[in-house]
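So the chains spell out like this:
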Amino acid sequence: MTATLFSLTFLLIAPFWLLMIFAPKWSWTQRIAESYLIVLPPVAIYVVLMIPMLPELIPLVTRPELGPLAEFMATDTGAALVWAHMIAWDLFVGRWMYLEGRRLNVHPLVMAPVLVITILLAPVGLPLFLIVRKVCDTTNRGATVVTGQ
């Protein structure tokens, strides 16, 4: 069951990423991304995997130590839990980035690589997007001032 849930974790959220990357201006993409519910599939998988492991997991997260945590994450269940956690969080962050990019009118050809990097390496994708956001926000603000005069 753990291997199946592990495989399902990404498969259930891949369509949301595909929409944000390949159909960013489609009205349904925006509607779907505006819902927090898109992160529920990996969260549900996390909960299903976590409940039976709770007695073992609580000490690992309340008193983290590298050795015991590494041992737990080296198990199939530990790896699947970490994967579901990462996938849920990455989608939540990617969803926010997509919505901010749309709000700031960031070109899809700029956002697509940022979102792909976020899927693969979220801790790199987020600061990259924050730079894009800052540049676009400054540019948009300047354009508003110029056209407003």
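About the thresholds
Residues numbered from 1 in each chain as written. Predicted model: local features only at pLDDT ≥ 70, side-chain atom pairs only at ≥ 80, totals over all residues. Heavy atoms only, no water. Helix = DSSP H or I, 4+ residues; strand = E, 2+ residues; numbered from the N terminus. Expected span 1.5 Å × (residues − 1). Bend = angle between axes of the 7 residues up to and from the residue. Buried < 20%, exposed > 50% of the residue type's maximum accessible area, 1.4 Å probe, protein only. Contact = heavy atoms within 4.5 Å. Patch = residues over 30% accessible without salt bridge, like charges linked within 9 Å, V, L, I, M, F, W, Y side chains within 5 Å. Areas by Shrake-Rupley, 256 points an atom, 1.4 Å probe, with all protein chains shown as cover. Salt bridge = Lys/Arg side-chain N within 4 Å of Asp/Glu carboxyl O. Phe/Tyr/Trp six-rings, centres within 6.5 Å; stacked < 30°, edge-to-face > 60°. Core = buried A, V, L, I, M, F, W, Y, C linked by side-chain atoms within 4.5 Å.

A. Expanded view of helix α3 (residues 40–62). Here α3 is 23 residues long, yet its end C-alpha atoms lie only 24 Å apart, well below the 33 Å a rise of 1.5 Å per residue gives. At Leu 54, α3 shows its largest bend, some 85°, and a proline, Pro 55, comes one to four positions later. All of the buried residues along α3 are Pro 42, Ile 45, Leu 49, Met 50, Met 53, Leu 57 and Leu 60. Where the residues of α3 are buried, they touch α1 (2–22), α4 (66–73) and α5 (76–103).

B. Representation of a nonpolar patch on the surface in the model. A contiguous nonpolar surface patch, about 430 Å² in accessible area, is contributed by Leu 37, Leu 40, Val 43, Val 47 and Ile 51. Summarising the element assignment, Val 47 is placed in helix α3.

C. Structural context of the packing of aromatic side chains. The tally for this structure, following the rule as stated, stands at 4 aromatic pairs. When the centroid spacing of 5.6 Å and the interplanar angle of 35° are considered together, the rings of Phe 6 and Trp 83 count as tilted. Here Phe 6 is found in helix α1, whereas its partner Trp 83 is found in helix α5, with 77 residues between them in sequence. Exposure remark for Phe 6: the relative accessible area of 36% places this residue in the partly exposed category. Between Trp 96 and Phe 129 the ring centres are 5.5 Å apart and the planes differ by 80°, which places this aromatic pair in the edge-to-face class.

D. Local environment of α5. The end-to-end C-alpha distance of α5, which contains 28 residues, comes to 40 Å, matching closely the 40 Å that a straight helix rising 1.5 Å per residue would cover. Where α5 ends, the next residue or the one after it, Asn 105, has phi of about 60°, a positive value.

E. View of the nonpolar core. Trp 17, Met 20, Leu 91, Met 97 and Leu 115 are the most contacted members of the largest nonpolar core, which totals 23 residues. Among the secondary structure elements, those contributing two or more residues to this core are α1, α5 and α6 (108–148). Residue contributions to this core peak at 7 residues, all from α6. Not counting residues within four places of it along the chain, the set of residues in contact with Met 97 comprises Met 111, Val 114, Leu 115, Thr 118, Gly 125, Leu 126 and Phe 129. Of all hydrophobic cores here, the second largest spans 11 residues; its members include Ile 45, Leu 60, Ala 80 and Ala 84.

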